[in-house]
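Read off the chains here:
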Amino acid sequence: MPRIRTPIFAMLFAFSFTGYVQRQSISVAAERMMPELGLSQVDVGWLLTAFLLTYAVLQLPGALVGQVWGPRRMLAAIGITTLLASLLTAASPLLAAAGVLLGVMLFARSLLGAAQAALFPVISGSICYWFPVGSWASATGLSVTGLWLGAATASPLIACLMQDYGWQKALVYSSLPSLVLVLLWYWFARDRPEEHSMVSAAELVELAGNPPYDPGEPLTAKRVFRVLADPQILRITASYFIMNYVFYLVAFWSFLYLVQERKLSVLESGWLASLPFVVAAAASAIGGRLADGLRARFGDRVGMRIIPLASLPCAAVFLYLTVSLANPYWAVAALCLGFAFLEVTEGPYWAATMHLAPSDTMAGTAILNTGGNLGGVVATPVIAALSAGHNWSLVFATGAATSIAAAALWLTIDAGRNGELK
């Protein structure tokens, strides 16, 4: 029997995909932007950091607005604002004199971060509403697949468009499909299954086993503090904070690593830089399915720990091999495997947080993602400075160390707490 959650999820997947095309495109366009606009590699690092800063800081406020507005209105607002921010980035050289060009671009990137801050917490909240509890990790892992397919598409897409039309038109052309998605989402989607006229009684029965949902008063200080102060959510956030050094290393810097250190061409690097994202897309989907299966067999406490404890040390090994192997193509293979072992943990991280706070999934996952992206805020200037001095070996060695530290914290995480936050 067809389920309405299927097209709902297809659009959530598309928001993840298009959002990451827009988010990732500047890391490829930077190769042309730097000589044309007189930007240094450190300047590009600050553009990436500007996005990360507003993206990280506004996670929780955006999620709380999402809990009040609901996923339908919130995702439409996110999509429209993301489009405007992307167009402003492309238009910034036309709007600013040379003296304030960097300031205009920093504003545009900050706006993009603010627009997308609540994207994944709101997607998680929608999954919590629309999917049975036993498939939360699978659905979340698959939504991350959309993220990485978007990132994989961005590198060759922007590289090819940039070759033919320049970096500005490449940013514009790659952003326009998101407008169609916003219109379709607002027309078809509803916040919860019981609000949709096409949802069958059988589909509602499938959701009967989900944890009780208590909307309460989402913006009261007491409710927000209850989530912020929860020890388990703070521990999983600390692990995610450390792990995301590698996430942002591969997401934002692999293209420049291949061009600068491995001496590959722009087009070849565009295609090869997309391979870790393709592998990560498969790994996140597989990791979500495995996490749901392990949870069903071993319970929340043990089942959710198994994948991070096993996979994150493996990621460290392959990150070390990335800079140790002489052949650049073997190095790309090692980079792909290292990132795959990292991204297989996305389903456990997000689903464990959803289990810990089912009535406040948007707020809980916003805290998780705030920690992850503050890790990016800390890591990005460090990576920019080290890579500017061609110290790529130290960049990747630090990534290996953070992977092991993130795994160790999972020994203290228990997603098996019964009941809602106290």
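Described in the following lines is the structure provided in the data block. Because the structure is a prediction, the values reported are computed rather than measured.

What counts and how
Residues numbered from 1 in each chain as written. Predicted model: local features only at pLDDT ≥ 70, side-chain atom pairs only at ≥ 80, totals over all residues. Heavy atoms only, no water. Helix = DSSP H or I, 4+ residues; strand = E, 2+ residues; numbered from the N terminus. Rg over C-alpha atoms; globule rule 2.2 N^0.38 Å. Buried < 20%, exposed > 50% of the residue type's maximum accessible area, 1.4 Å probe, protein only. Contact = heavy atoms within 4.5 Å. Areas by Shrake-Rupley, 256 points an atom, 1.4 Å probe, with all protein chains shown as cover. Lys, Arg positive; Asp, Glu negative; His and termini not counted. Charge placed at Lys NZ, Arg CZ, Asp CG, Glu CD. Core = buried A, V, L, I, M, F, W, Y, C linked by side-chain atoms within 4.5 Å. Phe/Tyr/Trp six-rings, centres within 6.5 Å; stacked < 30°, edge-to-face > 60°. Lys NZ or Arg CZ within 6 Å of the ring centre and 35° of its normal. Expected span 1.5 Å × (residues − 1). Arc of directions from axis to C-beta. Salt bridge = Lys/Arg side-chain N within 4 Å of Asp/Glu carboxyl O. Axes fitted to C-alpha atoms, helices over the stretch in contact; angles between N-to-C directions. Parallel < 35°, antiparallel > 145°, perpendicular 65-115°, else oblique. Left-handed = near helix turned anticlockwise from the far one by under 90°. Nonpolar A, V, L, I, M, F, W, Y, C, P; charged D, E, K, R; others polar. Patch = residues over 30% accessible without salt bridge, like charges linked within 9 Å, V, L, I, M, F, W, Y side chains within 5 Å.

1. Quick look at the overall build of the chain
Right, on to step 1. A tally of regular secondary structure across the chain gives 17 helices and zero strands.
Right, on to step 2. Here the chain has a C-alpha radius of gyration of 21 Å; the compact-globule value for 422 residues is 22 Å, and the two agree.
Right, on to step 3. Considered along the principal axes of its C-alpha atoms, the chain spans approximately 60 × 45 × 45 Å.
Right, on to step 4. Within the chain, the proportion of its 422 residues that are buried is 59%.
Right, on to step 5. Within the chain, contacts between residues separated by at least 24 positions form 85% of all contacts whose residues are at least 6 apart in sequence.
Right, on to step 6. Just so you have it, the chain exposes about 15600 Å², and 70% of that area is on carbon and sulfur atoms.
Right, on to step 7. Between the averaged position of the 23 positive side-chain charges in the chain and that of its 21 negative side-chain charges there is a distance of 4 Å.

2. Notes on the nonpolar core
Right, on to step 1. If you look at the biggest cluster of nonpolar residues, it comprises 100 residues, and the most contacted ones within it are Leu 75, Ile 127, Trp 148 and Tyr 349.
Right, on to step 2. With twelve residues, the single largest contributor to this core is helix 13 (residues 266–324).
Right, on to step 3. Contact partners of Tyr 349, with chain neighbours within four places excluded, come to Ile 236, Ser 239, Tyr 240, Met 243, Leu 312, Leu 368, Ala 406 and Trp 410.

3. Considerations on the packing of aromatic side chains
In this description, an aromatic ring pair is defined by two values, namely the gap between the centres and the angle between the planes.
Right, on to step 1. Within this structure, the stated rule accounts for 14 aromatic pairs.
Right, on to step 2. Ring geometry for Phe 9 against Phe 13: centres 6.4 Å apart, planes inclined by 55°, an arrangement best described as tilted. On the criterion of helical spacing, the pair formed by Phe 9 and Phe 13 is a turn pair, its members being four residues apart in helix 1 (residues 5–37).
Right, on to step 3. Put simply, the rings of Tyr 20, Phe 120, Trp 148, Phe 247 and Phe 339 touch in pairs and so form one group of aromatic residues.
Right, on to step 4. We note Arg 23 situated over the ring of Tyr 55; from NZ or CZ to the ring centre the distance is 4.5 Å.

4. Examining helix 17 (residues 392–409)
Right, on to step 1. Taking 1.5 Å of rise per residue, the 18 residues of helix 17 would be expected to cover 26 Å, and the 26 Å separating its terminal C-alpha atoms lies within 8% of that figure.
Right, on to step 2. Residues Trp 392, Val 395, Phe 396, Gly 399, Ala 400, Thr 402, Ser 403, Ala 406 and Ala 407 constitute the buried set of helix 17. Along helix 17, the residues classed as buried sweep out an arc of 165° about the axis, all on the same side.

5. Side note on the pattern of salt bridges
Oppositely charged side chains can form a pair if their charged atoms are brought close together.
Right, on to step 1. Enumeration over the complete set of coordinates arrives at eight salt bridges.
Right, on to step 2. With a closest N to O distance of 2.9 Å, Glu 194 and Arg 192 form a salt bridge.
Right, on to step 3. Arg 223 serves as the salt-bridge partner of Asp 360, at 2.7 Å between the closest nitrogen and oxygen. Residue Asp 360 is located in the loop between helix 15 (346–356) and helix 16 (361–388), and its partner Arg 223 is located in helix 11 (residues 221–228); the two are separated by 137 residues in the primary sequence. Assigned by exposure class, Asp 360 and Arg 223 land together as buried.
Right, on to step 4. One continuous salt-bridge network, built from bridges that share partners, spans Arg 3, Arg 5, Glu 203 and Glu 206.

6. Regarding the packing of helix 3 (residues 59–69) against helix 16
The packing of two helices is summarised by the inter-axis angle and the distance between the axes.
Right, on to step 1. Close contact between helix 3 and helix 16 brings their axes to 8 Å; oriented N to C, the two are set at 160°. Between helix 3 and helix 16, the angle is such that the two are roughly antiparallel. Like other packed secondary-structure pairs, helix 3 and helix 16 cross with a definite hand, here right-handed. Contacts between helix 3 and helix 16 pair Gln 59, Leu 60, Ala 63, Leu 64, Gly 66 and Gln 67 from the former with Met 362, Ala 363, Ala 366, Ile 367, Asn 369, Thr 370 and Asn 373 from the latter.

7. Quick look at the packing of helix 8 (residues 167–175) against helix 9 (residues 177–188)
Right, on to step 1. With their axes 5 Å apart at the nearest point, helix 8 and helix 9 run at an angle of 20° to one another. One finds that helix 8 runs roughly parallel with respect to helix 9. When helix 8 is examined against helix 9, the residues Tyr 173, Ser 174 and Ser 175 are found in contact with a partner set consisting of Pro 177, Ser 178 and Leu 179.
Right, on to step 2. Of the residues contributing to the contact of helix 8 with helix 9, the split by class is three nonpolar, three polar and no charged.

8. Overview of a nonpolar patch on the surface
Right, on to step 1. Nonpolar side chains collect at one region of the surface, where Ile 80, Leu 84, Leu 179 and Leu 183 lie side by side and expose about 360 Å² of accessible area between them.
Right, on to step 2. Listing elements by their share of the nonpolar patch, those giving two or more residues are helix 4 (71–95) and helix 9.
Right, on to step 3. Here Ile 80 lies in helix 4.
Right, on to step 4. In this structure Ile 80 comes out as partly exposed when scored by relative accessible area, which is 35%.

9. Regarding the environment of Ile 80
Right, on to step 1. Considered as a pair, Ile 80 and Tyr 248 are 168 residues apart in the sequence and their alpha carbons are 25 Å apart.
Right, on to step 2. Once residues within four sequence positions are removed from consideration, Ile 80 is found in contact with Leu 179 and Val 182.

10. Quick notes on helix 9
Right, on to step 1. Between its first and last C-alpha, helix 9 extends 17 Å over twelve residues, near the 16 Å set by a 1.5 Å rise per residue.
Right, on to step 2. Against the buried residues of helix 9 lie helix 1, helix 4, helix 6 (119–130) and helix 8.

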